[in-house]
Number of protein chains: 2
Amino acid sequence: MKPFSKRTTSLLVAAGLGLGAASSTWAAESLQDVMKRRGLSQQDLLAASKTYVPTGKRDDFIAFSSGGQSGQVIVYGIPSMRILKYIGVFTPEPWQGYGFDESSKKVLRQGNIDGKEINWGDTHHPALSETNGKYDGQFLFINDKANPRLAVIDLRDFETKQIVVNPIYKSEHGGAFVTPNTEYVIEAAQYATPLANKKFVPLERFNEEYRGGVTYWKFDRKEGKLDPKESFSLELPPYSQDLSDAGKLVSDGWSFTNSFCTERYVGGIEKGRPPYEAGCSAKDTDYMHVINWKKAAELVKAGKAKKINGHDVLMMETSIKEGILFLIPEPKSPHGVDVTPDGKFITVSGKLDTHVSVYSFEKIQAAIKAGKFESKDPYGIPVIAMQDALHKQVQLGLGPLHTQYDSKQCVAYTSLYVDSQVAKWNYCEGKVLDKLSIHYNIGHLMTMEGDSADPKGRYLVALNKLSIDRFNPVGPLHPQNHQLIDIANDKMQLLYDMPLPLGEPHYVVAIDAKTLKPGIRYKVGTDSRTDKPHPGMVRAGEEKTVRKGKNVEVFGTLIRSHITPETIEVEVGDEVTINLTNLERAQDETHGFAVSTYNVHGSIEPGKTITVKFKADKEGVYPYYCTEFCSALHLEMQGYLLVKPKGYKEVKVAAAKAVYTKADYEKQVKTNVETQAVIDSVVGYITSVNYKDFPPVVALVEDATDQLNKAGEAKAKMDEAAKTSDWQNATLWAGQWWQYQVKAADIGLRAKTFLEQNGAKKTGK
Amino acid sequence: MKPFSKRTTSLLVAAGLGLGAASSTWAAESLQDVMKRRGLSQQDLLAASKTYVPTGKRDDFIAFSSGGQSGQVIVYGIPSMRILKYIGVFTPEPWQGYGFDESSKKVLRQGNIDGKEINWGDTHHPALSETNGKYDGQFLFINDKANPRLAVIDLRDFETKQIVVNPIYKSEHGGAFVTPNTEYVIEAAQYATPLANKKFVPLERFNEEYRGGVTYWKFDRKEGKLDPKESFSLELPPYSQDLSDAGKLVSDGWSFTNSFCTERYVGGIEKGRPPYEAGCSAKDTDYMHVINWKKAAELVKAGKAKKINGHDVLMMETSIKEGILFLIPEPKSPHGVDVTPDGKFITVSGKLDTHVSVYSFEKIQAAIKAGKFESKDPYGIPVIAMQDALHKQVQLGLGPLHTQYDSKQCVAYTSLYVDSQVAKWNYCEGKVLDKLSIHYNIGHLMTMEGDSADPKGRYLVALNKLSIDRFNPVGPLHPQNHQLIDIANDKMQLLYDMPLPLGEPHYVVAIDAKTLKPGIRYKVGTDSRTDKPHPGMVRAGEEKTVRKGKNVEVFGTLIRSHITPETIEVEVGDEVTINLTNLERAQDETHGFAVSTYNVHGSIEPGKTITVKFKADKEGVYPYYCTEFCSALHLEMQGYLLVKPKGYKEVKVAAAKAVYTKADYEKQVKTNVETQAVIDSVVGYITSVNYKDFPPVVALVEDATDQLNKAGEAKAKMDEAAKTSDWQNATLWAGQWWQYQVKAADIGLRAKTFLEQNGAKKTGK
């Protein structure tokens, strides 16, 4: 990379020297000292300044990345490249309770195939919902290549709400891609198989009976769900369909799916035949499929589809006859097909060709209208000549794969796998503008909202498939490397290497952070997977345990720092159902719930209700507890599941002796009064400044007030016990009063710190 | 926080202005422009310069964090705070194939309890193996609180090798902690239960029959395994034992375990009783357990232990009689117990006390030798008076929890949960040195090797339990926040906010990166979970499929970019075993393996052999493929599992017609000759410089040479086919030759880029 200009460098060095000489305060080490100690160049410092996000500040964009074989979705911030969340999608994940509580288990089990539990997925291509071709921040879709499935994630709470299984494929690579108003989510098959389920056909009948396809899943935005009944597929030849993209603006209503192995080669290296990789890359071109999905949907409505496995499929014959399916040759084993923001062009890269090919939608339409085809493929699909559809071909380098777009007119970026580079080029004029080396072997790449109708520019992320020597070694299995690149200027600048610690992401989409409006709590008693009131919810004071025969059902609650009930008594063999509602209203006050050795875990965010179920098949004593460090006394947020032998008779045991005396009681009350003085002083500070101008503080004050109200309830119980000289319970309730005070003080101190650090001003009141 | 000195600030501003005025090269935006645009202060820039790690550079320390309820271990670099890996431990994880291939499944299933599969864990406290009290970088231990288990991770490959189940507890919080030469790994119970398995005892018999304990797991370093037969426990009172630490140097041979709820309170909020949190925090002090573990081990060897569930337990009576167990009061509901680097002091923090208490090992020993005890607890254990053991008590603030040590003599750091602060203080003189606000509610904290006999100073990480408003919102479930703090100077400086995207870490340990020596490949054919040769391994050319009755066993291989075999044929109902060996020697050339809809996934790093098993119970055609983007043609790394109906008779089908002609063959050969010229020029460059001085390049050159050798093999097959005018196969083998050339070119270009970017010099040869 090029150095700074000489003048620039010397000025910064001068600054550094200046810093080095000064500083008698806490900055014991100057900026130049640090740069020297850590071996940072001026360019490194500039890069650092472009990615560093100080405490309390926010990232500009939020990226949603596939997690590859982890079966999850990865959420990270740009430009800091900090991972904010892994979302459980196809793989059970206990931290979120995903696949552990009954509601999330139901979502996960929608993904069973042929009655078999699938506990992982090979997530590939996330897609954000769009309105008029622009990201609207409402939903995220993600596919599973290994087991042909699609999932829907709601961006109000970042939870997976639905999984659907493709009814006719055995694998799918080319999903999820949405149409401009999220009418449909596109999912294309990859490896051809017979479409009828559980049908065996020998490989010798590959050309005749194996098939590919592309599915259009209808999305019901109001329900937030894909609607299988309104969804349909097109039968396609046994070419390995690969990626897809939907047309937009001028090309809205059409979609494009490319393919490889149009050679229809069947390997057999174990029998001395060349492997798939040779046979599937022998020809110089493969085919882009051009599909009129709007007309296809009408044809399905008109009853022209055939039912396969109960699913509407437009057979090739129909698609050809109705003029909704065309092919165009595309150079060699292509991977990406990417529609430009204006919808006018489609760029395709052939992995084994050095060019990127830009097709013109206008030319494609002209050829179709004129009925000008160079040939038909072996299945009778009309083939448009490449030269009749091509706008430009640009030589970029070795192994071009995917293309994304800039906010600047005509500017595109393409990944070069073999060259390990990103090429910046102009697709209108067909010229290369810049190249940047990455580390190493880039697959997808991504610009901000760069596959939408309104790209935001500024940053590009290179999804490198190998990291090799970039990070500290962590054994034979390496992290991936997502590199952040500044694309705001003429020359690209590499800013940051981000290791991906779990999974091998394939594609990622990034949205302007301001477009997302996630919630921080649920309405009390919500089943988050259905977004409906949970039948197991109860409010504080209504907790109960109900037995019906062998079924014991608990309706419990969680709040800092106790679980109600604190004892659950069952007999061995009972079926136990535990419903738990988190009564907290405070942000980030999640509680967890675990029962020793029963493989039970739940994550219960503020307002959520969950259900866990298990059979109490082991006699004994099993502690349960909150797995979150939710307050200073989180370890004391505990209880016991008692599993008694069958027909167990209660043994009369003498009540435990009282331990605490009037003196203990009075001592505790004295402590409480002193603690109240501390709280009063914090409250005094908060109300003396303009705290109402700080929404996070207003929320904290509400939470603190809530805790103090609870303190009042405990104090009332204390007074009642004291009245009857029950010093044992009076002391303990005095202790509970103090617990609430401690929690209120905790919150109050946080609010005070926030106000002090964020420039609150005295109101003079 | 305090600002820079005036002079410093003005100089840096001057520098920024200078930069702003210059720069006509790519750095279109100056440092000052960036700071202004992004709202960064001078202090932010200094912090950025302290954490930013440029591409290709390494972190100084590697942190191993518990993953909380994710059941995993999180590995991250310091100071960059980038997560490098999630290691599957108690939870199945498909990216790593953990719990999916047979060997890793065996490790995971060692953690079954009462025959029940447990698919998660609540990991709490990681511990690195030690030699002479210092981290040696060989092994990592981690516990599961919910289901009392311990796991061993080998730091040569960062894989979990063993899980053991505690034979007498139902939960355990206070593990893992190692003795100074990793003789034992300490694990303490948390919630008291009857020690005999599956024994029900009513809560009314809590004091009499519920028990706590501490277990000493013998570690066999040569085998890299915990040895249950040589391990033992001490029965302890039903106090909730909490954290532990081993003595070191002067206190070697002793260990310390604290506790809460020595009130032995049993809750019952559902019956109108005060909750656990009140009853368990009523007393002003709890107990630190002081144990002579060396003598305990001798007593067990001498046969003084009682067998409970087949495990050696020293009963309280014995421990008291033999003088190996003592108690010392410690203030209120303590959480951390941390031995100083010199082994002379033990610091304890009471969550509900504002002090940290420093106990002197010398004073404790003097009291024991003198038989000077203030009392006995209800179980007859001698209690040393607090004032007889105390060195200092220092008032730090609200909610003190854990303490870690600096490389500077006598300097310690303690987390303050309620105050949301870190306190820096001097434990020799007992005075507070500095305080820093964190965000928010810190649990553990960690300095570099800060719990070893040789702390490294420099950085501190605050493990904050709440992040609240620190990051972009991602729904009701928030990430955790680990904040990096510079402790090299007198005043602490907050450097970086790191979100934890999966799990709720409890504790973390960090080791000097130079001490770790992980490998990058296995000896070919290794079962990584046993570190032994895998019986299913084969070398290239030896692949085979063996049928024995209903059992079909495949012995296959993986190499860029084909799977051998490419077809697996079975009958419905067959039991299928697939062994796969990754033949790659190149770093980071991992292959994955998935079979459509059969819930099968493997991760096969270079040299590894794995086995996956399933029943082919569904007739049909099921693609399999490599799930890693391992080369440009990774999608073509595919094959078919054919599940035929029972008694299926092969149908004679005409062989596919030849597609390729002599002209195709000659065209491909021409391409190959041209490609070879490119390769030769890259090789020419590499050999013209001092590439042997760059170990990563030497490795790449070896890999490229390997690919070119394989190209030779494909060329030989091509020549053979051409000799018999079999242009079909000649063309395809020519294509395969080219595939190997492309891979060699890919590697060569990576080597060339590396040399250019790292200042290789012409050798003049």
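Residues numbered from 1 in each chain as written. Chains lettered and ligands numbered in written order. Predicted model: local features only at pLDDT ≥ 70, side-chain atom pairs only at ≥ 80, totals over all residues.

Draft legend 1. The confidence of the model for chain A, seen in detail. Residue and element names in this part refer to chain A. Looking at chain A, the pLDDT average stands at 94 and 96% of residues meet or exceed 70. Confidence over residues 1–27 falls short of pLDDT 50; this stretch has 65 contacts with residues more than four positions distant or in other chains. For this predicted complex, the interface score ipTM comes out at 0.95, alongside a pTM of 0.96. (pLDDT = per-residue confidence, 0-100. Contact = placed C-beta atoms within 7 Å.)

Draft legend 2. Inspection of the sheet that holds strand β1 (residues 61–66) of chain B at higher detail. Residue and element names in this part refer to chain B. The antiparallel open sheet is built from four strands, whose spatial order is β3-β2-β1-β32. In this open sheet, the two strands that pair with only one neighbour each are β3 (83–88) and β32 (508–512). Mean inter-strand twist for the sheet, computed between neighbouring axes without regard to direction, equals 20 degrees. Relative to β3, strand β2 (residues 72–78) runs antiparallel, the two being bridged by five bridges. Among the inter-strand pairings, V73 is bridged to a residue of β3, identified as I87. (Pairing = 2+ DSSP bridges. Helix = DSSP H or I, 4+ residues; strand = E, 2+ residues; numbered from the N terminus. Axes fitted to C-alpha atoms, helices over the stretch in contact; angles between N-to-C directions.)

Draft legend 3. Structural view of the domain arrangement of chain A. All names here are of chain A. Domain parsing of chain A yields domain 1 (166–395), domain 2 (526–644) and domain 3 (662–757). A C-alpha centroid distance of 26 Å is found between domain 2 and domain 3. Grouping the constituent residues of the side of domain 2 that touches domain 3 by class yields three nonpolar, two polar and two charged. (Domains from an automatic or database assignment. Nonpolar A, V, L, I, M, F, W, Y, C, P; charged D, E, K, R; others polar.)

Draft legend 4. Examining the relation of the copies chain B and chain A more closely. Rotating chain B by 180 degrees and moving it 0.0 Å along the rotation axis overlays it on chain A with an RMSD of 0.0 Å. Here the copies are linked by what is in effect a two-fold axis. When you check the interface residues of chain B against chain A, 99% turn up at the interface there too, and the contact is symmetric in its surfaces. (Least-squares fit on C-alpha atoms with pLDDT ≥ 70 in both.)

Draft legend 5. Here's a closer look at unusual backbone geometry. Cis geometry is found at the peptide bond from R560 of chain A to S561 of chain A, where omega equals -10 degrees. Cis peptide bonds are those with omega within 30 degrees of zero, and the linkage from I78 of chain B to P79 of chain B qualifies with 15 degrees. Its place among the elements puts P79 of chain B in the loop between β2 and β3. With a phi angle near 70 degrees, C410 of chain A is a residue other than glycine that sits in the positive phi range. Along the chain, C410 of chain A turns up in the loop between β24 (400–405) and β25 (411–416). Of note, the phi angle at S725 of chain B is positive, near 55 degrees, even though the residue is not glycine. Within the fold, S725 of chain B resides in the loop between α12 (695–723) and α13 (727–757).

Draft legend 6. Structural context of the sheet that holds strand β43 (residues 620–625) of chain A. Residues and elements named next belong to chain A. On the basis of which strands lie adjacent, the open sheet formed by five strands has the order β38-β44-β43-β40-β41 and mixed pairing. Of all the strands in the sheet, the pair left with one neighbour each is β38 (567–571) and β41 (600–604). The sheet shows a mean angle of 15 degrees between the axes of neighbouring strands, direction not considered. Sheet topology note: the strand β40 (residues 591–595)/β43 ladder contains two bridges and is antiparallel.

Draft legend 7. Fine view of the interface of chain B and chain A. The partner chain A presents 196 residues to the 196 residues of chain B that form the contact. If you tally residues by element for the side of chain B that touches chain A, the top one is α13 of chain B, at 13 residues. Across the side of chain B that touches chain A, the residue classes break down as 93 nonpolar, 60 polar and 43 charged.

Draft legend 8. Local environment of helix α3 (residues 42–51) of chain B. A large share of α3 of chain B lies buried, amounting to seven of its 10 residues. Inspection of α3 of chain B places L45, L46, A47, A48, S49, K50 and T51 of chain B among the buried residues, and these make up the whole buried set. Buried residues along α3 of chain B sit against α2 (31–38) and α3 (42–51) of chain A together with α2 (31–38), β30 (480–486) and β31 (493–500) of chain B. (Buried ≥ 20, exposed ≤ 12 C-beta atoms within 10 Å, placed from the backbone.)

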